[in-house]
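An overview of the molecular structure
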Amino acid sequence: MVCLGNICRSPLAEGILKSKTEHLDVIVDSAGTAAYHIGSQPDIRSIEIANKYGIDLRNQRARQFSRADFDEFDIIYAMDTNNFAHLTSLAENQNERNKIRMILNEIKSESFDSVPDPYYGGDNGFQNVYEMLNKVCEIITQNLEKR
Ligand code: 4NP
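Per chain, the residues get numbers from 1 upward, laid out in the order the sequence is written. Thresholds applied to this predicted model are a pLDDT of at least 70 for local features of residues and 80 or more for the giving and counting of side-chain atom pairs; totals over whole chains, interfaces and linings are not thresholded and use all residues. Excluding hydrogens and water, the side-chain figures rest on all heavy atoms present in the structure.

Let us look at the nonpolar core. Among the nonpolar cores identified, the biggest contains 29 residues, and Met1, Leu12, Met79, Ile103 and Leu133 are the most heavily contacted of them. Runs of H or I in DSSP of at least four residues are treated as helices and runs of E of at least two as strands, each being numbered from the N terminus. Those elements that provide at least two residues to this core are helix H1 (9-20), helix H2 (44-52) and helix H6 (123-145). With eight residues, H6 is the single largest residue contributor to this core. Residue types Ala, Val, Leu, Ile, Met, Phe, Trp, Tyr and Cys, when buried and joined through side-chain atoms within 4.5 Å, form a set referred to as a nonpolar core. For every residue, the accessible area obtained with a 1.4 Å probe (protein chains only) is divided by the maximum for its type, and the residue is called buried under 20%, exposed over 50%, and partly exposed between those limits. If you look at the next biggest cluster of nonpolar residues, it comprises eleven residues, including Ala31, Ile76, Ile100 and Met102.

Okay, structure coming up:
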């Protein structure tokens with residue numbers, strides 16, 4: 001799960017998908033394309049919205065996406081088109097590029113819709129992001145169950 005800062009959207013995506021896939025043999029992690037918040041806990045607003053749904057993000061710490069992640073992970077979900085473009089620029093071959101997906105394309109393929117960045121908005125942005133991510137993570141889980 002990849003966003004810009006790894007403190008708002010992708011930690012929430014990580015927490016939600018982990019909570020849905022406990023019965024599956026998958027590794028879920030998150031990272032940011034930017035370095036600003038390395039080592040930080042998720043934004044308090046992400047922690048609080050997750051907590052409302054019984055998901056604990058407090059042990060997460062922000063990290064920056066690294067090229068090693070192309071080896072570690074089979075699917076790399078970008079939250080928005082900027083993250084997607086950044087990840088694509090880091091990929092060095094077609095195998096790596098093929099791993100990068102827009103997360104909301106799992107709801108509507110090829111839509112290239114973005115999960116809006118809630119950082120500068122109010123709390124309602126976080127509720128909206130939670131609902132989007134909860135819906136798409138349910139679909140991702142169903143697809144993982146079919147593997
Ligand atoms: P995120 O949100 O990419 O969902 O973690 C942001 C967090 C921090 C900043 C921007 C977006 N920032 O500019 O510091």
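Quick look at the site of the ligand now. Only heavy atoms are used to decide nearness, and a residue is near a molecule or strand if one of them lies within 4 Å of it. Surrounding the ligand, one finds Cys3, Leu4, Gly5, Asn6, Ile7, Cys8, Arg9, Tyr36, His37, Asp117, Tyr119 and Tyr120. Measuring from an oxygen atom of the ligand, one finds a backbone N or O atom of Gly5 at 2.8 Å. Here Asp117 contributes a side-chain N or O atom positioned 3.3 Å from an oxygen atom of the ligand. All accessible-area figures derive from a Shrake-Rupley calculation using a 1.4 Å probe, and residue coverage is judged against the displayed protein chains alone. Burial of the ligand by the protein chains amounts to 92% of its free accessible area of 350 Å². Counting atoms within 2 Å of the grid points, the majority share of the ligand lands in the second largest pocket. Put simply, Ala, Val, Leu, Ile, Met, Phe, Trp, Tyr, Cys and Pro go in the nonpolar bin, Asp, Glu, Lys and Arg in the charged bin, and everything else, Gly too, in the polar bin. Each residue belonging to the shell around the ligand can be placed in one class, and the counts come to seven nonpolar, three polar and two charged. Contacts described as polar in this section are N or O atom pairs within 3.5 Å, which, within protein, must combine one atom able to donate a hydrogen with one able to accept it, while residues neighboring in sequence count only if both atoms come from side chains. The rule is simple: put a 1 Å grid over the protein atoms alone, call a set of points where a 1.4 Å probe fits but cannot get out a cavity, call an open set with protein on both sides within 12 Å along at least five of seven lines a pocket, and count a residue as lining if it has an atom within 4 Å of a point. Those molecules having more than half of their atoms within 2 Å of a cavity or pocket grid point set are described as sitting in that cavity or pocket.

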